[in-house]
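Residues per chain, in single letters:
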Amino acid sequence: MRRSRDSTTRLLVVLLVAASALVLGPASADAAGRSAIVSDGAARFTVLSPTLIRAELAQDGRFEDRPTMTAQRVRRQVPRFTTRVRAGWREIRTAKVLLRWRRGTAPLDGETLRLTFGTGGRRTTAGMSPTAEQRTLGGWTRALDLLQGPVPLNPGVLTRDGWRVVDDSRTILLVPQAPGFATRPARETTYQDWYLFGYGDDRARALRDLRTLTGAAPLLDRSAFGVWYSKYFPYSASELQEIAGEFSRRGIPLSMVSLDTDFKRQADPVGAAAGAQLAGAPGLPYSWNAWDWNRDLFPDPKAFIDWAHREGIDVGANIHPSINSNDPALPAVEAQTGRLGTDDGMCRLLQADLTGQCKVFDWTKQAHLDAYFALHKPFADSGIDMFWLDWCCEAPNSAVAPGLTADTWINARYAAYQRARGERWPAFSRIGASFLQDGVYGDRQAPDGGVGALAEHRSTVQFTGDTCASWEMLAFEAEMTAGAAAIGLPYVSHDIGSFAGLPIAGQCNGVIAGQNNVVPADLYARWVQFATFEPLDRLHSHHGKRLPWEYPGPAGDAAAEALRLRAALVPTTYTLARRAHDTGLPITGPLWLTWPREEGAHENPTVRTFGPDIVAASVTAPGDPAQTRLWVPPGTWVDWFTGERSRGPAQRTVSVPLSRMPVLVRAGAVVVTDPSGKRAAPAPALLRIDAFRGSRGRFALYEDAGEGYAFERGQAMRTTITQRRSGRRTTVTIGRARGRFAGAPSRRSWEIRLRDVARPRAVRVDGRRLATSAFSYEAASRTLVVRTGARSTRRDVSIVATS
């Protein structure tokens, strides 16, 4: 059971200093005292890695050492480099790049600043400029609100050209003084602050560099990686418990429930009735921006959340960042802030109070931040794990300052608030821009050119907003998730099945979808299958049907099976999340990140990697079966469901029945799953290993307590599993566990499934030959199944099958 961790004093301190919590000093020298800085007149260069260099030009001589929203200033090992002046050019050479700057020139541009690096097996020289026309790869958009198809993506750091310049010249500075940021000082002469990425074909190196520059993505609670359920609907505690029970009865472990806005107290019964009518749910409770529980729906909120936690379910709460003038909490708020601003537009309509005004905060002021987060106390005290910030921002003055991105700023404040509570959950929110109220719903451009989005992975799980249902939207969500690798964002969460359902008269309408919000059965099933190999899997809708048993027949069966697989994959997904935290590599990534020189990897955006050994395609066309494009990467790959082997690189069109997905596994790979069909325990007593025929393979399983921050102090466990096949012998070795954490198992049972092997003549576990009754062989799929029984996790376990 979790305990409430809310402490007002601690929260205020954290919110004041979080902006510079990781700052240990300028990134100018390492522990050995080696300097990373090369100064040359008005220019200063800092070598951050062999492929990342900061180039700063200050004609007034005032360089900047404070961290920014984008760039941290953390001491780290200085890479080896040399520097000299030759023929009027300053040269800096690392193991990977050569930087040349024409001395004494200003401003920095593509003529005066040039980078030479390796790409495609040859050396390339490029003029450095953040505005250069480039062949960008992936990127980001703030959200997908009211869309039913693709939109252009804002660029990240990855390009087919092998380099990128990030212009950090205007981004806010992070300071320990309230409210935690300062705008860049005014200057009368040229000032430029650029980061030069020169990675060539090594795009994974670019993501490591981005992590070096901006910081690590968080490691979410283990519960995040199972199956979520959410719906814009006024559920009661008992109704949610019944839904969770139905998941359990159907063998689908539920690990996360998100409460949409109607869990809050109603402001005005008459206005609420009108709001419910507008939302397509007449007669049901309706709320928007209240700051306490609806006690009719949740008589004892803490008891409900305690129950959820005992069941292994995290609970999230939807927040709209304003307050009704009739809210009982307003006097205390304005005692701290003074009179709040008023939004007389959409917010006032949505809060559905005939007499109340919509009062809004200015998050550039510390008193407003303090008062705003103090409002979360009734929910935090009840044990809410995650806060879903559903919209930034209600008014133009919510967070406006030169170089400040509103989404990025408030999301960072949520991350600090959550860490102070001891929660791993950061913000669950849109990213990288703000709603500027210029007549566009969900502005997708950023006032700082999008640089703020490069820091979002530190503080945000991206909620992509209110989509409509179409095959084109499903395809674009697959592309968008993978493309977010370009900004180092591992966590993207879509409304699986869409929020609003089918467009109405050809238009996406997020207001009047109502309770008849049903999508075609095959589209629903394919959307749920797509989410199986996404970073997060969240069923959500606008008063619509998104549960498998609401789609009887083959579609519902297929969706349920996909959700079971998703839950079973948690040990692997959690391991990939730790990899994302450590390296900047995504959980679900684009093909072109792993195979940068393959044209097929660039031409199939709906085919993605899921870690290093799995490739999953999305079926984005109707029918049963349906035709879909599948790119087979170099090497030998095995179909997860049929066992068919393919050799790549190759482009294929495959026919896929509704009952399965196009998923390939690298030959030789080992995949770890939890076969229990129960809630995602931090350390399952039984794990399954699927070993796919190939010469060799390896997987290092990562485990920790699943919540809290003890893992940062080294309290975690890794178990390396290897497979080796030679002739008629197959050997799977489960290495002894390295490391410990509270609750780590001392003994564990294993089920090993050797895929595509002949019926064995002998099977040995730790050298002891098993009786034929101690293992089984599935002739149709050529799969050998061996169960070890409970074994010490501190000893190697060896399974040898000889055919």
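Calculation rules
Residues numbered from 1 in each chain as written. Predicted model: local features only at pLDDT ≥ 70, side-chain atom pairs only at ≥ 80, totals over all residues. Heavy atoms only, no water. Salt bridge = Lys/Arg side-chain N within 4 Å of Asp/Glu carboxyl O. Helix = DSSP H or I, 4+ residues; strand = E, 2+ residues; numbered from the N terminus. Buried < 20%, exposed > 50% of the residue type's maximum accessible area, 1.4 Å probe, protein only. Disulfide = S-S within 2.5 Å. Pairing = 2+ DSSP bridges. Axes fitted to C-alpha atoms, helices over the stretch in contact; angles between N-to-C directions. Contact = heavy atoms within 4.5 Å. Phe/Tyr/Trp six-rings, centres within 6.5 Å; stacked < 30°, edge-to-face > 60°. Lys NZ or Arg CZ within 6 Å of the ring centre and 35° of its normal.

A. Region of the structure containing the pattern of salt bridges. Evaluation of the coordinates by the stated rule reveals 49 salt bridges. Across the salt bridge formed by Asp756 and Arg693, the nearest N and O atoms sit 2.7 Å from each other. Of this pair, Asp756 sits in the loop between strand 35 (747–755) and strand 36 (762–765) while Arg693 is found in the loop between strand 31 (686–691) and strand 32 (696–703), placing the two residues 63 residues apart along the sequence. Of the charged contacts in the structure, one is a salt bridge between Asp796 and Arg736, with a shortest N-O distance of 3.4 Å. Highlighted residues: Asp796 in the loop between strand 40 (791–792) and strand 41 (797–802) and Arg736 in the loop between strand 34 (729–734) and strand 35, separated in sequence by 60 residues. When its relative accessible area of 38% is taken as the criterion, Asp796 is described as partly exposed.

B. Layout of the state of the cysteines. Inspection of every chain in the model, using the stated rule, returns two disulfides. Covalently, Cys347 is tied to Cys358 through a disulfide, its sulfur atoms 2.0 Å apart. Given an S-S torsion of about 75°, the disulfide between Cys347 and Cys358 has right-handed geometry. Of the two residues, Cys347 is situated in helix 7 (residues 346–351) and Cys358 in strand 18 (residues 358–360); the sequence distance between them amounts to 11 residues. Each member of the pair, Cys347 together with Cys358, is buried.

C. Spotlight on the sheet that holds strand 26 (residues 614–617). An order of 24-25-26-29-27-28 is seen for the six strands of this open sheet, with the pairing classed as antiparallel. Pairing within the sheet leaves two strands with one partner each, and these edge strands are strand 24 (588–590) and strand 28 (645–656). Each strand of the sheet is rotated relative to its neighbour by a mean of 25°, with strand direction disregarded. Sheet analysis places strand 24 next to strand 25 (residues 607–610), joined by three bridges and oriented antiparallel. For Thr588, the partnering residue across the bridge sits in strand 25 and is Phe610. Helix 11 (residues 471–483) rests against strand 24 and strand 25 of the sheet, and its axis sits at about 95° to strand 24.

D. Summary view of the packing of aromatic side chains. Under the counting rule described, the total for this entry stands at 37 aromatic pairs. Centroid distance Phe373 to Tyr414: 5.0 Å. Interplanar angle 70°. Geometry classified as edge-to-face. On the criterion of sequence distance, the pair formed by Phe373 in helix 8 (residues 366–374) and Tyr414 in helix 10 (residues 406–420) is long-range, its members being 41 residues apart. Taken individually, Phe373 and Tyr414 each receive the classification buried, so the pair is uniform in this respect. Judged by centre distance (5.3 Å) and plane angle (70°), the rings of Trp388 and Phe463 are edge-to-face. With a gap of 75 residues between them, Trp388 in strand 19 (residues 386–389) and Phe463 in strand 21 (residues 460–463) connect regions that are remote in the sequence. Considered together, Trp388 and Phe463 belong to a single accessibility category, that of buried residues. Over the face of the ring belonging to Trp89 we find Arg100, whose NZ or CZ atom lies 4.3 Å from the ring centre. It is Arg419 that lies over the ring of Tyr709; its NZ or CZ is 4.0 Å from the centre.

So, to be careful, I would describe these as geometric facts and stop short of saying anything about function.
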